[in-house]
Amino acid sequence: DPYVIQIAGRYYMYYLGQDRARRQRLGLAVSDDGVRWRKLASNPVLELGEVGAFDENGLGEPAVWAWRGHYWMLYTGRDRSENRRIGAAWSADGVRWTRLPAGAVLAGNRPWNAKVVCDPTVIVEGDLVRVWFGGGDVAAPDERLNGQIGYATLRLEDGTLTK
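Reading guide: rules and limits
Residues numbered from 1 in each chain as written. Predicted model: local features only at pLDDT ≥ 70, side-chain atom pairs only at ≥ 80, totals over all residues. Heavy atoms only, no water. Helix = DSSP H or I, 4+ residues; strand = E, 2+ residues; numbered from the N terminus. Polar contact = N/O pair within 3.5 Å; in protein donor to acceptor, adjacent residues only side chain to side chain. Phe/Tyr/Trp six-rings, centres within 6.5 Å; stacked < 30°, edge-to-face > 60°. Buried < 20%, exposed > 50% of the residue type's maximum accessible area, 1.4 Å probe, protein only. Core = buried A, V, L, I, M, F, W, Y, C linked by side-chain atoms within 4.5 Å. Contact = heavy atoms within 4.5 Å. Pairing = 2+ DSSP bridges. pLDDT = per-residue confidence, 0-100.

## With respect to the side chain of Arg 25
Then step 1. Along the polypeptide, Arg 25 turns up in strand β3 (residues 24-31).
Then step 2. A polar contact is formed between the side chain of Arg 25 and the side chain of Asp 19, at a distance of 3.0 Å.

Structure, rendered in structure tokens:
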């Protein structure tokens, strides 16, 4: 699940990494040419959420963009029951990330996306963030989710992301 952006002439690749215990977190590799990559020693760039959080069991599928001097990320979080939601984080440098409050989490509110909201794709138009995402009604680690594609809009206002 790589997502690549350019920051100050270098390529930054955000990706899902997994440790030996099969816990998934978000990592970062950098490149000067987009071909040869170096993983950061400080990985992961975003850790698992606290016990009971929507992302306590895994992170993945990052979408990253720059806006007004900061970097923003939407990512998929998995809880212990395999429900998936989209969380948000921000960074001043693209390396050290801070989660936004739980109110910024995108959760499904229809029968077709009641259990899974994942894999965000983002296009930013001014202060409007257009988000396409996958959704499903089955909380399972496989791909049989009865999936559909959804659409949402977010706003970037005064350095914050709102639904």
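## Digging into the packing of aromatic side chains
Then step 1. Tallying each qualifying case throughout the model produces 5 aromatic pairs.
Then step 2. Between the aromatic rings of Tyr 14 and Trp 97, the centroid separation amounts to 5.9 Å while the plane-to-plane angle is 85 degrees, which identifies the pairing as edge-to-face. Pair noted here: Tyr 14 is in strand β2 (residues 10-18) and Trp 97 is in the loop between β7 (84-91) and β8 (98-99), with a separation of 83 residues, a long-range link.
Then step 3. Accessibility expressed as a relative area gives 0% for Tyr 14, which makes it buried.
Then step 4. The exposure class of Trp 97 is buried, given its relative accessible area of 10%.
Then step 5. Measuring from ring centre to ring centre gives 6.1 Å for Trp 112 and Phe 133, while their planes differ by 10 degrees; the resulting arrangement is stacked. One end of the pair, Trp 112, is in the loop between β8 and β9 (116-125); the other, Phe 133, is in strand β10 (residues 128-136), and 21 residues separate them in sequence.

## Describing the nonpolar core
If you look at soluble globular proteins, the nonpolar side chains tend to sit buried side by side.
Then step 1. Core analysis: the biggest nonpolar cluster contains 21 residues, and Tyr 12, Tyr 14, Leu 46, Met 73, Tyr 75 and Trp 97 have the highest contact counts within it.
Then step 2. Elements that contribute at least two residues to this core include exactly β1 (3-7), β2, β3, β5 (58-67) and β6 (70-78).
Then step 3. For Met 73, the contacting residues outside a window of four places in its chain are Tyr 14, Leu 26, Leu 46, Pro 62, Ala 63, Val 64, Trp 65, Gly 87, Ala 88, Ala 89 and Trp 97.
Then step 4. The next biggest cluster of nonpolar side chains, apart from the first, holds 19 residues, and it includes Trp 65, Ala 88, Leu 100 and Ala 152.

## Focus on the pairing of β9
Then step 1. In this structure, β9 lies alongside β10, joined through 8 bridges in antiparallel fashion. Bridged to Glu 125 within β10 is Leu 128.
Then step 2. Taking the residues that link successive antiparallel strands as the turn, the β9-β10 hairpin has 2 residues, and the phi of Gly 126 there is positive, at about 65 degrees.

## A word on the pairing of β5
Then step 1. Counting buried positions along β5 gives 9 out of 10 residues, so the element sits mostly inside the fold.
Then step 2. Hairpin connection from β5 to β6: 2 residues lie between these consecutive antiparallel strands, with Arg 68 at a positive phi of about 50 degrees.

## Here's the deal with the environment of Tyr 12
Then step 1. Mapping Tyr 12 onto the fold places it in strand β2.
Then step 2. Under the relative-accessibility criterion, Tyr 12 is labelled buried at 11%.
Then step 3. When sequence neighbours within four positions are dropped, the list of residues in contact with Tyr 12 reads Tyr 3, Val 4, Ile 5, Ile 7, Leu 28, Ala 29, Val 30, Trp 37, Asp 93, Gly 94 and Val 95.

## Digging into the confidence of the model for the chain
Then step 1. For the chain, per-residue confidence averages 89 on the pLDDT scale, and 94% of positions sit at 70 or higher.
Then step 2. Of all secondary-structure elements in the chain, the lowest mean pLDDT belongs to strand β12 (residues 160-162), at 70, while strand β4 (residues 38-39) reaches the highest, 97.

## Looking at the side chain of Asn 83
Then step 1. Mapping Asn 83 onto the fold places it in the loop between β6 and β7.
Then step 2. For Asn 83, a relative accessible area of 15% gives the class buried.
Then step 3. In this view, Asn 83 contacts Gly 77, Arg 78, Lys 115 and Ala 139; residues no more than four positions away in its chain are not counted.

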